[in-house]
Amino acid sequence: MSDASTDSRNADPTPGLVGANVSGAAGAAGQDSKRVEVVVNGDVTILAHTCSVADLLASLEMSGRRVAVAVNRDIVVRSSYPEVQLASGDRIEILEAVGGG
């Protein structure tokens, strides 16, 4: 009887896409099946495709920064960033080193 419920289900509740540069038209119809939903520092993030930890850091403009990364509570060694692939449901924590004195 009410069409409001169908309208709210069509809205995209995600904060944005990460890595959309690889898939091109990430928002185009039919591409939703390739999207990967992960949680980065407590925020739901939609990736346009599967990617590595290195790809995620690059898309967040964090490449080259002194960071520590954990995926599903397991610390990822920096040399493994390019090999560790992210999957839907992964929880990623990125901690940035802060110097001071």
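Everything below is about the structure printed above this text.
So, here is what we can say about the structure in this document.

Examining the overall build of the chain
Then step 1. Counting its regular elements, the chain contains three helices and six strands.
Then step 2. When burial is assessed residue by residue, the chain has 29% of its 101 residues classed as buried.
Then step 3. Relative to all contacts within the chain whose residues are 6 or more apart in sequence, the contacts with residues 24 or more apart total 55%.
Then step 4. When the accessible surface of the chain is split by element, carbon and sulfur atoms take 51% of a total near 6,800 Å².

Focus on the pairing of strand β6 (residues 91-96)
Then step 1. In the sheet, strand β2 (residues 36-40) pairs with β6 via two bridges, with the strands oriented parallel. In the strand pairing of β6, Val39 is matched with Arg91.
Then step 2. The pairing of strand β4 (residues 67-71) with β6 spans five bridges and is classified as antiparallel. Along β6, the bridge assignment pairs Ala70 with Glu93.

Considerations on the pattern of salt bridges
Then step 1. Enumeration over the complete set of coordinates arrives at one salt bridge.
Then step 2. With a closest N to O distance of 3.5 Å, Glu96 and Arg65 form a salt bridge. One end of the pair, Glu96, is in strand β6; the other, Arg65, is in the loop between α3 (53-59) and β4, and 31 residues separate them in sequence.
Then step 3. Residue Arg65 is classed as partly exposed on the basis of its relative accessible area of 39%.

Brief notes about the environment of Val71
Then step 1. With respect to the element layout, Val71 can be found in strand β4.
Then step 2. Among the residues examined, Val71 registers a relative accessible area of 10% and is labelled buried.
Then step 3. Residues Val71 and Val40 lie 31 residues apart in sequence; the distance between their C-alpha atoms is 9.3 Å.
Then step 4. With residues near it in sequence (within four places) discarded, Val71 still touches Val53, Val76, Leu86, Asp90, Arg91 and Ile92.

Topic: unusual backbone geometry
Then step 1. Even without being glycine, Asn41 reaches a positive phi, approximately 50 degrees.
Then step 2. Structurally, Asn41 can be placed in the loop between β2 and β3 (43-47).
Then step 3. Phi at Arg73 takes a positive value of approximately 70 degrees, unusual for a residue other than glycine.
Then step 4. Here Arg73 shows up in the loop between β4 and β5 (74-76).
Then step 5. The exposed category is assigned to Arg73, whose relative accessible area is 80%.

Observations concerning the pairing of β2
Then step 1. Judged by how many residues are buried, β2 sits mostly within the fold: four of five residues are covered.
Then step 2. Turn length for the β2-β3 hairpin, with the two strands adjacent in sequence and antiparallel, is two residues, and the turn residue Asn41 shows positive phi of about 50 degrees.

Thresholds applied
- Residues numbered from 1 in each chain as written.
- Predicted model: local features only at pLDDT ≥ 70, side-chain atom pairs only at ≥ 80, totals over all residues.
- Heavy atoms only, no water.
- Helix = DSSP H or I, 4+ residues; strand = E, 2+ residues; numbered from the N terminus.
- Buried < 20%, exposed > 50% of the residue type's maximum accessible area, 1.4 Å probe, protein only.
- Contact = heavy atoms within 4.5 Å.
- Areas by Shrake-Rupley, 256 points an atom, 1.4 Å probe, with all protein chains shown as cover.
- Pairing = 2+ DSSP bridges.
- Salt bridge = Lys/Arg side-chain N within 4 Å of Asp/Glu carboxyl O.

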